[in-house]
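# Examining the three-dimensional arrangement
Here is how the chains run, residue by residue.
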Amino acid sequence: MTFPQQPEQIASLRVTRLFGRFDHTLLFPAESDISIITAPNGYGKTVLLQMIDSLFNKQFSFFWKIDFEKVEIFLTSGKSIGILKDTADLFNEHRTDPPGAFRLTTAGFGADGQLFSFSDELLSRQLRSLERNLPIDQVGPDRWHDFTLDRSLSTYEIVDRYADQLPKSVLGSVALPEWLQRALDSVDAHLVETQRLLYLEEPEERRPRGRRDRTTPPPVVERDANDLAQHIGRLLQQYANESQKLDQTFPKRILAFHSDSVSEETEIRANLEELTQKQDDLMSVGLLRSTASEPIQPSDIFQQESIRRILSIYVDDTRQKLSIFDNTYAKIRLFKQLLDEHFSFKTVVIDPDKGISAIDNDSGEGIPLSGLSSGEQHELVLIYELLFKVREGAVILVDEPELSLHVSWQKRFISDLKKIQELRKIKVVIATHSPQIINNEWDLVQDLTA
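A brief structural summary. (Residues numbered from 1 in each chain as written. Predicted model: local features only at pLDDT ≥ 70, side-chain atom pairs only at ≥ 80, totals over all residues. Heavy atoms only, no water.)

This next bit is on unusual backbone geometry. The residue Lys58 is not glycine, and still its phi comes out positive at about 60°. For Phe345, which is not a glycine, the phi torsion comes out positive at approximately 65°. Its location among the elements puts Phe345 in the loop between α10 (326-342) and β12 (346-351). (Helix = DSSP H or I, 4+ residues; strand = E, 2+ residues; numbered from the N terminus.)

Here you go:
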């Protein structure tokens, strides 16, 4: 997916006849970076999040199996995207489209009002992909034999049963016109699902028909730990490269140094102490390995201008090298702070080798990340995704964050989220049943039953 310099922001979403009965409007107030949706089960609050995510991540099969009449998404720029579905045709034996077919239209992206239908594309591309990837055979225009169930199913039933098991590349393989591609790339949407501990991405390989064997994927907490280790490794390599480049030119820059005034001893010492503190901070969060260093003692040698000149260049070089870690340091510091405040009897450790690990405070022994409680794993995965895996300007859709969280953790959720938003410029929409998640933030709530 490609994005403009700054993603568009959603102003509102309106859905008509969801499940054949609900008309919902969801607002994204410009004055708030957090919106909370509440409603009893069955009103479709999770579906609203999934609609946004599926549209902008081009997972079109989702709309094929959801009963609705129209979805309209309005952007703050005045542009809009519409999804139209004629549910009255679903059971019309004379229809020309496959069951569940829908159309997209846009305004403000060029070709205003033009409709793009998914009927032919779904038949020619996705239905063939279904047959290649699943234990099924097509036996008629709208009939499939399911070898697992050993019975005949309609196209709609096949998609409803198996769409979540297909590789994402299959479900998003439809060729789009340029105006629609531009519209769908305008918003960066990221769904954090209730099953966020499950690593659901499938390897893109064909399986023998009738087989549904799968390699068990690693727990998401371990995947995130490995992801952070790789990220730190790239930073350390960048740090080494920058150090080598500066070290190689150091003598030449000393000889070429010209300045009307060279820093005095007190300023140089203050700068060196500042850099020592920064190095200590980086080591404390695992971005640099511990090294022994001693402060520079008072000496008459500082009276020499040449020595102060050398140290001034050293200070500038060290600042430049360490600045490579600035952005990641702030994220890791908050990540570790939030988890250490939540976890009882455990401390989160960050290092370049393992990325993320945990130790028992009493015994000092390591704890496998998969051995953390489900609530602790959910908290780790959620905070990691928000800090490290989403793009600036993205809209984050969080479904039932209360899952597996203690009441005290739920009450802190919004305040923790606001701390994350101080570092990451993201909009967040939360679907929840929990008054503890809402806590004292009732002004952020939109009740779908109102």
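If you trace the backbone, Ser32 turns up in the loop between β2 (22-27) and β3 (34-38). You can call Ser32 buried: its relative accessible area is 14%. Side-chain polar atoms of Ser32 contact the backbone oxygen of Ile34, separated by 2.8 Å. Here Ser32 is in contact with Lys427 and Leu444, once residues within four sequence places are set aside. (Buried < 20%, exposed > 50% of the residue type's maximum accessible area, 1.4 Å probe, protein only. Polar contact = N/O pair within 3.5 Å; in protein donor to acceptor, adjacent residues only side chain to side chain. Contact = heavy atoms within 4.5 Å.)

Turning our eyes to something else, we now look at the pattern of salt bridges. For the coordinates displayed, the defined rule picks out 20 salt bridges. With a shortest N-O distance of 3.6 Å, Asp224 and Lys389 are connected by a salt bridge. Highlighted residues: Asp224 in helix α7 (residues 220-256) and Lys389 in helix α11 (residues 374-389), separated in sequence by 165 residues. Lys389 sits in the partly exposed class, given a relative accessible area of 34%. The residue Arg412 makes a salt bridge to Asp416 at a minimum N-O spacing of 3.4 Å. Here Arg412 pairs with Asp416, and both are found in helix α12 (residues 407-423), just four residues apart, close to one helical turn. Arg412 sits in the partly exposed class, given a relative accessible area of 25%. Accessibility expressed as a relative area gives 5% for Asp416, which makes it buried. Linked by salt bridges that have partners in common, Arg223, Asp224 and Lys389 make up one network. (Salt bridge = Lys/Arg side-chain N within 4 Å of Asp/Glu carboxyl O.)

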